[in-house]
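Given next are the chains, with one letter for each unit.
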Amino acid sequence: MAKVFTGTGRRKSSVAQVKMTAGKGKITVNGKDVHEFMPYETYVMDLMQPLVATNNENTFDIEVKVTGGGASGQTGAIRLGITRALLEYDSKNEGNEDSYRTILKRAGFVTRDSRAKERKKPGLKAARRAPQFSKR
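Everything numeric here is computed off the predicted structure, so don't read it as measured data. Along every chain, residues carry numbers that run from 1 in the direction the sequence is written. Per-residue local features are limited, in this predicted model, to residues with pLDDT of at least 70; the limit for side-chain atom pairs, both in listing and counting, is 80 or more; totals at the level of whole chains, interfaces and linings are taken over all residues. The side-chain numbers reported here are obtained from all heavy atoms of the structure, hydrogens and water having been left aside.

1. Digging into the side chain of N56
Here's step 1: Within the secondary structure layout, N56 lies in the loop between helix 2 (41-53) and strand 5 (60-67).
Here's step 2: Partly exposed describes any residue whose relative accessible area lies between the buried limit of under 20% and the exposed limit of over 50%, with all areas from a 1.4 Å probe on protein chains only and scaled to the type maximum. Relative accessible area serves as the criterion here: at 5%, N56 is assigned to the buried category.
Here's step 3: Here a polar contact is taken to be a pair of N or O atoms separated by no more than 3.5 Å, where protein atoms must pair a possible hydrogen donor with a possible acceptor and residues adjacent in sequence count only if both atoms sit in side chains. A distance of 2.9 Å separates a polar atom in the side chain of N56 from a polar atom in the side chain of Y100.
Here's step 4: For N56, the residues in contact, after removing those within four places along its chain, are L51, L86 and Y100. Comment: elements are numbered from the N terminus, with helices defined as DSSP H or I runs of at least four residues and strands as E runs of at least two. Throughout, a residue-residue contact means that at least one pair of heavy atoms, one from each residue, lies within 4.5 Å.

Below you can see the structure in the form of structure tokens.
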């Protein structure tokens, strides 16, 4: 059986579990083709960035289970999951200058984007939005 490389990615309130196996470059998200699942082509390009940076667009078949959040958060979660799966695949080559870790770190894909929605505060309409002020 083919070796499976896994990675978990998170962004906003989305969580993506990525399974990567040797293949022809087919990406499946929640049982659908990635172009069918994602509403915009820019999201597909965004989640493929780690594969493009390491020249692996047609090397792996990727199966993703993603939950929570919206399309943008899910895209970021999938991208981080793919990055972590690539790092697991290339773990024996880690110290070299041409390792995937060096390439992906330089491109900024290894770091989790921790920005999330701020909680609503009491007495306000949103996190920082105050009610409209009336002079009279």
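Now that the structure is up, let's keep going.
2. Re the nonpolar core
Here's step 1: Side-chain atoms within 4.5 Å are what join buried Ala, Val, Leu, Ile, Met, Phe, Trp, Tyr and Cys residues into a set we call a nonpolar core. One finds I27, L47, I62, V64, I78, I82 and L86 to be the most contacted residues of the largest nonpolar core, which totals 26 residues.
Here's step 2: Listing elements by their share of this core, those giving two or more residues are strand 2 (14-22), strand 3 (27-29), helix 2, strand 5, helix 3 (71-89) and helix 4 (100-107).
Here's step 3: Take this core: its biggest share by element is 6 residues, from helix 3.
Here's step 4: Filtering out sequence-adjacent residues up to four positions away, L47 remains in contact with I27, V34, M38, T75, I78, R79 and I82.

3. A closer look at unusual backbone geometry
Here's step 1: Not every positive phi belongs to a glycine, and K12 is a case in point at roughly 50°.
Here's step 2: For K12, the location among the structural elements is in the loop between strand 1 (5-11) and strand 2.
Here's step 3: With a phi angle near 50°, N30 is a residue other than glycine that sits in the positive phi range.
Here's step 4: Relative to the helices and strands, N30 is located in the loop between strand 3 and strand 4 (32-33).

4. Description of the packing of helix 3 against helix 4
Here's step 1: Axes here mean lines fitted to C-alpha atoms, for a helix over just the part in contact, with angles spanning 0 to 180 degrees between N-to-C directions. Relative orientation of the contacting elements helix 3 and helix 4 amounts to 155°, with a least axis distance of 9 Å. As summarised for this structure, helix 3 and helix 4 are arranged roughly antiparallel, according to the angle between their axes. Residues T83, L86, L87 and Y89 of helix 3 lie in contact with helix 4, whose contacting residues are Y100, R101 and L104.
Here's step 2: Note on residue categories: nonpolar means Ala, Val, Leu, Ile, Met, Phe, Trp, Tyr, Cys or Pro, charged means Asp, Glu, Lys or Arg, and polar means any other residue, Gly included. Looking at the contact of helix 3 with helix 4 residue by residue, the classes come out as 5 nonpolar, 1 polar and 1 charged. Note on angle classes: values under 35 degrees are labelled roughly parallel, values over 145 roughly antiparallel, values of 65 to 115 roughly perpendicular, and the remainder oblique.

5. Here's the deal with the pattern of salt bridges
Here's step 1: One side-chain nitrogen of Lys or Arg within 4 Å of one carboxyl oxygen of Asp or Glu is enough to make a salt bridge. Counted by the stated rule, this structure contains 5 salt bridges.
Here's step 2: The salt bridge involving R79 is made with D46; its shortest N-O contact spans 2.9 Å. Taken together, the positions of R79 in helix 3 and D46 in helix 2 put the pair 33 residues apart, joining distant regions of the chain.
Here's step 3: E118 is the salt-bridge partner of K121, the closest N and O atoms lying 2.7 Å from each other.
Here's step 4: Judged by relative accessible area, E118 falls into the partly exposed class, the value being 36%.
Here's step 5: Members of the salt-bridge network, linked through shared partners, are R11, D113 and R115.

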